[in-house]
Amino acid sequence: MDISFDKAESRKQLATIAIEQEESVCVLHPNQIIAFQADSAKRVDSFMKLPGMYRKKRFVQSTIHGPARFMLGLPEGFYLSAVPIELDDDLLYEFKHVLFYKVGITFRTHVQTVRNAMITRDFIRMKFQGPGTLGLLTSGPLHEIELHPEKPLYVDTACLVAYPQKANIRLCVYGNTLASQNMNYHWEMTGTGRVLLQPSKPDRALNEEMQQGGFIRRVLREVIPFGGIFIK
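Below is a short write-up of the structure. (Residues numbered from 1 in each chain as written. Predicted model: local features only at pLDDT ≥ 70, side-chain atom pairs only at ≥ 80, totals over all residues. Heavy atoms only, no water.)

### Comments concerning the sheet that holds strand 10 (residues 98-102)
The line we're drawing: Paired strands, as defined in this entry, are two strands with at least two bridges between them according to DSSP. Secondary structure is summarised from DSSP: a helix means a run of H or I of at least four residues, a strand means a run of E of at least two, and numbering begins at the N terminus for each. Note on definitions: angles span 0 to 180 degrees between N-to-C directions of axes, and those axes are lines fitted to C-alpha atoms, for helices only across the stretch in contact.
One open sheet holds the six strands; their spatial order is 5-6-3-10-13-8, and the pairing between them is antiparallel. The outermost strands of the open sheet, each flanked by one partner alone, are strand 5 (43-47) and strand 8 (78-85). In this sheet, adjacent strand axes meet at a mean angle of 20° when their direction is disregarded. Direction of pairing for strand 8 relative to strand 13 (residues 132-139): antiparallel, over a ladder of eight bridges.

Below, the structure written as structure tokens:
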């Protein structure tokens with residue numbers, strides 16, 4: 001499988017995927033296929049299994065069989081990254097970020113604790129094992145940070161895409177009292193391995209500020225303890 005991005009498109013919103021004979025790719029967002037070059041029978045759509053329907057909020061997926069060539073396009077603000085998956089890969093992903101994967105990759109579910117699931121609103125993480133390639137859909141270009149066994153890394157829960165299964169994690173806030181009262185929940189993470197992050201996230205407060213509206217709400221969010229969480 002060969003994946004190439006438009007050289008003029010630094011934001012990686014357009015990718016061309018070429019697959020050879022005996023290769024197949026499963027696309028979980030078929031509407032993002034904007035061009036297709038192959039025998040029409042090479043595209044086979046099917047209904048997702050119920051867990052996939054629930055997590056992806058859609059019903060149909062597409063499997064492209066090679067030889068074939070197709071293009072995936074993304075709307076403004078979304079980015080596509082191709083992540084190599086090794087046989088012993090131990091990263092846990094949020095399934096909602098998965099745009100496509102090479103058929104042959106195996107995956108299984110990892111159930112989060114009730115506390116973590118309530119904060120992230122996702123009871124299940126997915127562990128993929130290759131070899132193969134995983135296509136991730138993120139808000140902002142994907143970034144990678146190495147964990148340290150002792151020095152904690154604090155990551156906004158809304159920006160965490162994947163983390164090592166054996167990482168030590170706990171939900172927290174950090175900083176002084178005012179800082180901890182005005183931030184989203186974060187993961188405190190230590191261990192070894194890499195963490196995948198999306199640097200952008202919806203920010204209603206920033207949008208209101210840029211539009212010069214919602215002044216009272218902004219003041220209340222700053223003054224009331226945990227106001228940034230409860231006042232939207």
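### With respect to unusual backbone geometry
For the bond from Gly66 to Pro67, the omega torsion is 0°, close enough to zero to count as cis. Among the structural elements, Pro67 can be located in the loop between strand 6 (60-65) and strand 7 (68-73). Not every positive phi belongs to a glycine, and Glu22 is a case in point at roughly 75°. Relative to the elements of secondary structure, Glu22 occurs in the loop between strand 2 (14-19) and strand 3 (24-27).

### Here we look at the nonpolar core
Heads up, the rule is: Only buried residues count toward a nonpolar core. Its members are Ala, Val, Leu, Ile, Met, Phe, Trp, Tyr and Cys residues joined through side-chain atoms within 4.5 Å. Burial classes follow relative accessibility: with a 1.4 Å probe on protein chains only, a residue under 20% of its type's maximum area counts as buried, one over 50% as exposed, and anything between as partly exposed. Only heavy atoms matter for contacts: two residues are in contact if any of them lie within 4.5 Å across the pair.
Within the largest apolar cluster, 19 residues are counted, with the highest numbers of intra-cluster contacts made by Tyr93, Val98, Phe128, Leu134 and Leu136. Breaking this core down by element, the ones donating at least two residues are strand 8, strand 9 (91-93), strand 10, strand 12 (124-129), strand 13 and strand 16 (160-164). The element best represented in this core is strand 12, accounting for three residues. Those residues in contact with Tyr93, other than ones at most four positions away along the chain, are Val83, Ile85, Arg125, Met126, Phe128, Leu134, Leu136, Val161, Ala162 and Leu196.

### Side note on a nonpolar patch on the surface
Spelled out, the test is: To count toward a patch, a residue needs a relative accessible area over 30% and no salt bridge; like charges are then connected within 9 Å, while nonpolar side chains (Val, Leu, Ile, Met, Phe, Trp, Tyr) are connected within 5 Å. Values of accessible area rely on a 1.4 Å probe in the Shrake-Rupley scheme; residue burial ignores everything except the protein chains shown. By definition here, a salt bridge exists when the distance from a side-chain nitrogen of Lys or Arg to a carboxyl oxygen of Asp or Glu is within 4 Å.
Together, Phe47, Phe59 and Val60 line one region of the surface with nonpolar side chains, adding up to about 340 Å² of accessible area. Here Val60 is to be found in strand 6. Overall, the relative accessible area of 31% leaves Val60 in the partly exposed class.

The values are spatial; any link to function lies outside them.
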